[in-house]
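Descriptive structure summary
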Amino acid sequence: MIVQDVINHLEELAPLAYAEDFDNVGLLVGDKNEKITGVLVTLDTLESIVDEAIAENCNLIVSFHPIIFKGLIKITGKTYVERVVLKAIKHNIAIYAIHTALDNAIQGVNDMICNQLGLINKRILIPQSATIKKLTTYVPKEEAENLRTALFEAGAGNIGNYSNCSFNKEGIGTYQGNIDSNPSLGKKGETHHEEETQVSVIFAKHLESKVIKTLISSHSYEEVAYEVVTIENKNQNIGMGMIGELENSLDEKDFLTHLKSNMKTECIRHSSFLNKPIKKVAVLGGSGSFAISAAKASGADAFITADLKYHDFFSAEDSILLTDIGHYESEQFTKNLLVTYLTKKITNFAVVLSKTNTNPVKYF
């Protein structure tokens, strides 16, 4: 296998099309065509991680956080970022970052937190917009079924728990080819009338290239008429954060004990107790202050996240228990998720879980 093969597997789990605009995801260092010797999975890429990759004979590091976040204008080894990049290049080690693509994945970072806490009835907290597109095309009536089947096989026509979804309308299409045309139906230079079916299907935006390629290759016309539009519907399977429920309600102190134990955190900062049971819980790994209002609007009794500032806790407004469990702590199980996923997909070389704790925050 080569680096690109591993990337293909990762992007089935978390397509980069759904990463946030500010993010720097994908292959950051290395050659996508390099043959793989092993994969090391980590939360952060530090010099010690590159050393671990060398010791484990892994020439691809799959990291949650991107080591290169802002543009590098020189690589002299002056900063820890430059030293990591230099060492990786020197030892021919590729670095791939998945970050907010996995944050927005239905089986990503926040699903892992929910699973750690035993939450049920899970759903996305903030569904992402502009991720669903609609294709409308026109095909000879007798070819409509074959075209629909091809589009469905390419991934179009999926809505929640339903597949092979389309809308079809019959009518008359007209066209006239010029002298250089080669019409599959009708004759060049003559206006042709054809019974056609208008076929409309939706698809996830990361599939656009595949869907259009399938349309063109499956259609009999020399020139295929089609339009693609982005629709405003929220995508219930892509987005930031999740919300779920505990099987049994807990009082606030017992909930914090449960949270501290299962998320393996040494410290929880929280807002005032409200003296009410905790049942519905919202989660968002990493810095999640922007989602406080969404957590409140969802009716959550508690919100688990990280990096809350002093004034963020006032936003609880006696309606929700805000908890800050630490940035590293909220995302620490992400590398386990990736190792489990890649191990199922790949069997011909090692997928190694990094043993290095990269948390820069210490507690006294």
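Whatever comes next refers back to the structure up there.
This text gives an overview of the structure that appears in the document.

Definitions and cut-offs
- Just so you know, the residues in each chain are numbered from 1, in the order the chain's sequence is written.
- With pLDDT at 70 or above as the cut-off, local features in this predicted model cover only qualifying residues; side-chain atom pairs require 80 or more to be listed or tallied, and sums for whole chains, interfaces and linings still use all residues.
- Remark: hydrogens and water are excluded; side-chain values derive from all non-hydrogen atoms of the structure.
- Numbered from the N terminus, helices here are DSSP runs of H or I no shorter than four residues, and strands are runs of E no shorter than two.
- Here the term buried applies to any residue with accessible area under 20% of the maximum for its type, exposed to any over 50%, and partly exposed to those in between, with areas from a 1.4 Å probe on protein chains only.
- Contact definition: two residues touch when any of their heavy atoms are within 4.5 Å.
- Throughout, the Shrake-Rupley method with a 1.4 Å probe supplies accessible areas, and for residues the shown protein chains are the sole cover considered.
- As used throughout, the charge tally considers Lys and Arg to be positive and Asp and Glu to be negative, leaving His and the chain termini uncounted.
- To locate a charge, take NZ of a lysine, CZ of an arginine, CG of an aspartate or CD of a glutamate.
- Think of it this way: DSSP has to see at least two bridges between two strands before they count as a pair.
- Note on method: axes are straight lines fitted to C-alpha atoms, helices fitted across the in-contact stretch only, with angles between N-to-C directions ranging 0 to 180 degrees.
- Basic side-chain nitrogens of Lys or Arg form a salt bridge, by our definition, when they fall within 4 Å of a carboxyl oxygen of Asp or Glu.
- Angles below 35 degrees are treated as roughly parallel, those above 145 as roughly antiparallel, those between 65 and 115 as roughly perpendicular, and all remaining angles as oblique.
- The hand of a helix crossing depends on one turn: near helix anticlockwise from the far one by less than a right angle means left-handed, and clockwise means right-handed.
- Note on residue classes: Ala, Val, Leu, Ile, Met, Phe, Trp, Tyr, Cys and Pro are nonpolar, Asp, Glu, Lys and Arg are charged, and everything else, Gly too, is polar.
- Here is the rule: rings of Phe, Tyr and Trp (six-membered ring for Trp) pair when centre to centre is within 6.5 Å. Planes less than 30 degrees apart are stacked, more than 60 are edge-to-face, and the remainder are tilted.
- Residues qualify for a patch when their relative accessible area is over 30% and they have no salt bridge, like charges being joined within 9 Å and the nonpolar side chains of Val, Leu, Ile, Met, Phe, Trp and Tyr within 5 Å.

1. Topic: the overall build of the protein chain
If you tally the helices and strands in the protein chain, you get 11 helices and 15 strands. Reported as C-alpha extents along the three principal axes, the dimensions of the protein chain are approximately 85 × 55 × 40 Å. For the protein chain, the residues scored as buried account for 49% of the 364 residues in total. Considering only intrachain contacts with a sequence separation of at least 6, the fraction spanning at least 24 residues in the protein chain is 71%. When the accessible surface of the protein chain is split by element, carbon and sulfur atoms take 49% of a total near 18,400 Å². Side chains of the protein chain carry 35 positive and 45 negative charges; the gap between the two charge centres is 5 Å.

2. Examining the sheet that holds strand E2 (residues 38–42)
Within the open sheet, the five strands sit side by side as E1-E4-E3-E2-E15. Their pairing is mixed. At either margin of the open sheet sits one strand with a lone partner, and together these are strand E1 (26–29) and strand E15 (350–353). Between one strand and the next, the sheet's axes are offset by a mean angle of 25 degrees, whatever the strand orientation. Across three bridges, E1 lies against strand E4 (residues 94–97) in antiparallel orientation. If you follow Val29 over to E4, its bridge partner there is Ile95.

3. Observations regarding the pattern of salt bridges
For the structure shown, the criterion picks out 12 salt bridges. Across the salt bridge formed by Glu12 and Lys345, the nearest N and O atoms sit 3.4 Å from each other. On the criterion of sequence distance, the pair formed by Glu12 in helix H1 (residues 3–13) and Lys345 in helix H11 (residues 334–345) is long-range, its members being 333 residues apart. Judged by relative accessible area, which is 51%, Glu12 ranks as exposed. The closest approach of N and O atoms between Lys87 and Asp51, which form a salt bridge, is 3.0 Å. Placement of Lys87 in helix H3 (residues 80–90) and of Asp51 in helix H2 (residues 47–55) is noted, with a sequence separation of 36 residues between them. Relative accessible area serves as the criterion here: at 36%, Asp51 is assigned to the partly exposed category. Here the residues in one salt-bridge network are Glu47, Asp51, Arg83 and Lys87, joined through shared partners.

4. Notes on the packing of H1 against H11
Interhelical geometry of H1 versus H11 gives an angle of 120 degrees and a closest axis separation of 11 Å. Put simply, H1 runs oblique to H11. Note that H1 runs across H11; the crossing there is right-handed. Residues Val6, His9, Leu10, Glu12 and Leu13 of H1 form the contact with H11, whose own contacting residues are Leu337, Leu338, Tyr341, Leu342 and Lys345. Looking at side-chain class alone, the contact of H1 with H11 contains seven nonpolar, one polar and two charged residues.

5. Digging into the packing of aromatic side chains
With the rule as written, the count across this model stands at three aromatic pairs. Judged by centre distance (6.3 Å) and plane angle (55 degrees), the rings of Phe22 and Phe69 are tilted. A residue pair is termed long-range when its members are at least 10 positions apart, and Phe22 in the loop between H1 and E1 and Phe69 in the loop between strand E3 (60–63) and H3 qualify at 47 residues. With relative accessibility at 41%, the residue Phe69 sits in the partly exposed group. Each ring, one from Tyr310 and one from Phe314, has its centre 5.5 Å from the other, and the planes form 85 degrees; the classification is edge-to-face. Just as Tyr310 is exposed, Phe314 falls in that class too.

6. Regarding a nonpolar patch on the surface
Together, Leu72, Ile75 and Leu86 give the surface a local cluster of nonpolar side chains, amounting to about 220 Å² of exposed area. Summarising the element assignment, Ile75 is placed in the loop between E3 and H3.

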